[in-house]
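Structure assessment
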Amino acid sequence: MSSPHRGQRVAVVALAFALAAPIAAAHADPLVHYDVVDKAIPQSLTGVPGDPANGRKLVIDRARGNCLACHEMPIPEQDFQGTIGPDLKGVADRLTEGQLRLRVVDAKAITPDSVMPAFYRTDGLYRVADKLAGKPIFSAQEVEDVVAYLETLK
Amino acid sequence: MKYVIAGAMVAAGLLAHGAVRAADAQTGGDGLGKYIVGDKRSGYVFAEPDTRAMQDDDFQNPGMVWVEAGKQLWSTPDGAAGKSCQTCHGDAATSMKGVATHYPKFNPRVGKVIDLEQRIDMCRAKALQAKPYPWESHELLAMTTFIKNQSRGMPMNVAVDGPAAPFFEKGKESFYRRRGQLDLSCASCHETLEGRHLRADVLSQGQTNGFPTYRLGWQTLGSLQKRIKGCDKQMRADPHAFGSDEYVNLELYLAWRGNGLPVETPAVRK
């Protein structure tokens, strides 16, 4: 490649960095590290026990978990529960805590073409609404809260 | 994917409502026959009987208000040229019959596919020398609904070959592209999950033969692009702008998926 071209490319790269830097800072990766072992995340994301009552709220909240859009759960006061995924009654008899945790964190790590959203993931997404960009649906502690709630479904 | 979900459903002992309905519908025994063409099913098939009844009776169908308003606008001169639509096209009942079944359609003047709304504004600019009607304005909805209503009962029949082909391909790509914080595509809900319950909604095929549609949820009539924006928001995605190429191409793909379904405009939906 001739040198004027190369010069141009350096300039473009420099500009890209200048633009990218503040954005990267604003959306600094907020996810805690976790290890997947045999299609499960055996360790708590936070080390702080989850609060099942808050987890129950999160699975109902349409702006947050909205799990009832797709799943039936033993939450009798909520009408119109979805029939897209399996009924979650008794799910803790079928799955271990670690399996439940990976399912909530990133269902696609188990079933790549699942329609179930990843609740603790920010990469590989396209055209996320501005105010949500770079943010996972749940915080690490909220994942633990939801897992704690699912653990009550025996 | 289909198998994964189907397996999960069977394992969980769930039989989707929609599957039962679809089976009913296939027999054509409940008057739904004309809304089912091969494996294509209009949103009418998934609608509640009350909602269907409201659509079927012109005196009850709230969308007819827009048809009437459009009829008035059709013959009312507007713009610097002092013309109305009628000046060039005469009686819409003849000149516009079947026209909407071909939209979105490739337009050689702009070198891309345009939808019916854009075609209306093109005539306003060129022939009437009038200002465009803004998206979702009462006038644009009225004119679009009036014109599409002239094709009511006729099969949708958009062309996707020739110059339309690259736009169709883009629309198809958009239909299958996962997006938003929920990482879903149009196909996730309207292909893979057809007939399943998403909370209180039964997922339909997302057919477009009834648009502009009166939605009880909106308490007004709206364009297809308004509906698509709503679905984008459900996926927690950043919607495109009204009139954007992305949405027009997607509209073309959606129309093609429903080729053969009868125009219902104005449809009534939940």
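Residues numbered from 1 in each chain as written. Chains lettered and ligands numbered in written order. Predicted model: local features only at pLDDT ≥ 70, side-chain atom pairs only at ≥ 80, totals over all residues. Heavy atoms only, no water.

1. Section: the domain arrangement of chain B
All names here are of chain B. Assigned domains within chain B: domain 1 (2-57 + 158-269) and domain 2 (64-149). Facing 25 residues of domain 1, the contacting portion of domain 2 comprises 22 residues. Summed over both sides, the interface between domain 1 and domain 2 buries roughly 1900 Å², with carbon and sulfur atoms accounting for 68% of that surface. The interface formed by domain 1 and domain 2 contains 1 salt bridge. (Domains from an automatic or database assignment. Contact = heavy atoms within 4.5 Å. Buried area = accessible area lost by both parts, 1.4 Å probe. Salt bridge = Lys/Arg side-chain N within 4 Å of Asp/Glu carboxyl O.)

2. Concerning the sheet that holds strand β8 (residues 220-222) of chain B
Backbone-to-backbone hydrogen bonds join strands into a sheet, with any given pair of strands oriented parallel or antiparallel. All names here are of chain B. Read across the open sheet, the 3 strands follow the order β8-β7-β9; overall the sheet is mixed. Because the sheet does not close on itself, it has two edges, and the strands there are β8 and β9 (267-269). Going across the sheet, the axis of each strand differs from the next one's by a mean of 35 degrees, ignoring polarity. (Pairing = 2+ DSSP bridges. Helix = DSSP H or I, 4+ residues; strand = E, 2+ residues; numbered from the N terminus. Axes fitted to C-alpha atoms, helices over the stretch in contact; angles between N-to-C directions.)

3. Some thoughts on helix α13 (residues 245-257) of chain B
Residues and elements named next belong to chain B. The end-to-end C-alpha distance of α13, which contains 13 residues, comes to 18 Å, matching closely the 18 Å that a straight helix rising 1.5 Å per residue would cover. Burial runs high along α13: 10 of the 13 residues are buried. Against β2 (40-41), β4 (112-114), α8 (116-128), α10 (165-176), α11 (186-192) and α12 (224-234) lie the buried residues of α13. (Expected span 1.5 Å × (residues − 1). Buried < 20%, exposed > 50% of the residue type's maximum accessible area, 1.4 Å probe, protein only.)

4. A closer look at empty space enclosed by the protein
Residues and elements named next belong to chain B. Inspection of every chain in the model, using the stated rule, returns 2 cavities of 30 Å³ or more. What the largest cavity holds in volume is close to 180 Å³. Surrounding the largest cavity, 15 residues form its lining, Y103, E117, K148, L224 and E251 being those nearest its centre. Partitioned by chemical class, the residues of the lining of the largest cavity number 9 nonpolar, 2 polar and 4 charged. Viewed by domain, the lining of the largest cavity spans two of them, domain 1 (2-57 + 158-269) and domain 2 (64-149), each represented by three or more residues. Considering only enclosed or pocket space, the second largest cavity measures out at about 30 Å³ in volume. Around the second largest cavity, the lining residues are S42, G43, Q207, N209, G210, F211, T213, A267 and R269. When the residues that make up the lining of the second largest cavity are grouped by side-chain class, the tally is 2 nonpolar, 6 polar and 1 charged. (1 Å grid on protein atoms, 1.4 Å probe; cavity = no way out; pocket = protein on both sides within 12 Å on 5 of 7 lines; lining within 4 Å. Points joined across faces, edges and corners; volume = space filled by probe spheres on them. Nonpolar A, V, L, I, M, F, W, Y, C, P; charged D, E, K, R; others polar.)

5. A closer look at the environment of W218 of chain B
Residue and element names in this part refer to chain B. Inspection of the secondary structure puts W218 in the loop between β7 (213-215) and β8. For the pair W218 and S95, spaced 123 residues apart in the sequence, the C-alpha separation amounts to 32 Å. Sequence-distant contacts of W218, defined by excluding residues within four places in its chain, comprise T213, S223, K226 and R227.

6. What to know about the pattern of salt bridges
One side chain can pair with another of opposite charge once the charged atoms of both are near each other. Under the counting rule described, the total for this entry stands at 16 salt bridges over all chains. Residue E77 of chain A is joined to R56 of chain A by a salt bridge in which the shortest nitrogen-to-oxygen separation is 2.9 Å. Separated by 21 residues along the polypeptide, E77 of chain A in the loop between α2 (52-60) and α3 (91-94) and R56 of chain A in helix α2 bring together distant segments of the chain. Assessed through its relative accessible area of 46%, E77 of chain A is described here as partly exposed. According to the relative accessible area criterion, R56 of chain A is partly exposed, its value standing at 28%. When the shortest N-O distance is used, the salt bridge between R127 of chain A and D238 of chain B registers 3.7 Å. With R127 of chain A in the loop between α4 (97-106) and α5 (140-151) and D238 of chain B in the loop between α12 and α13, the pair connects residues from two separate chains. A residue is classified by how much of its surface remains accessible, and R127 of chain A, at 28% relative accessible area, is partly exposed. Residue class for D238 of chain B comes out partly exposed when judged on its relative accessible area of 26%. The network of salt bridges with shared partners includes E97, R101 and E144 of chain A.

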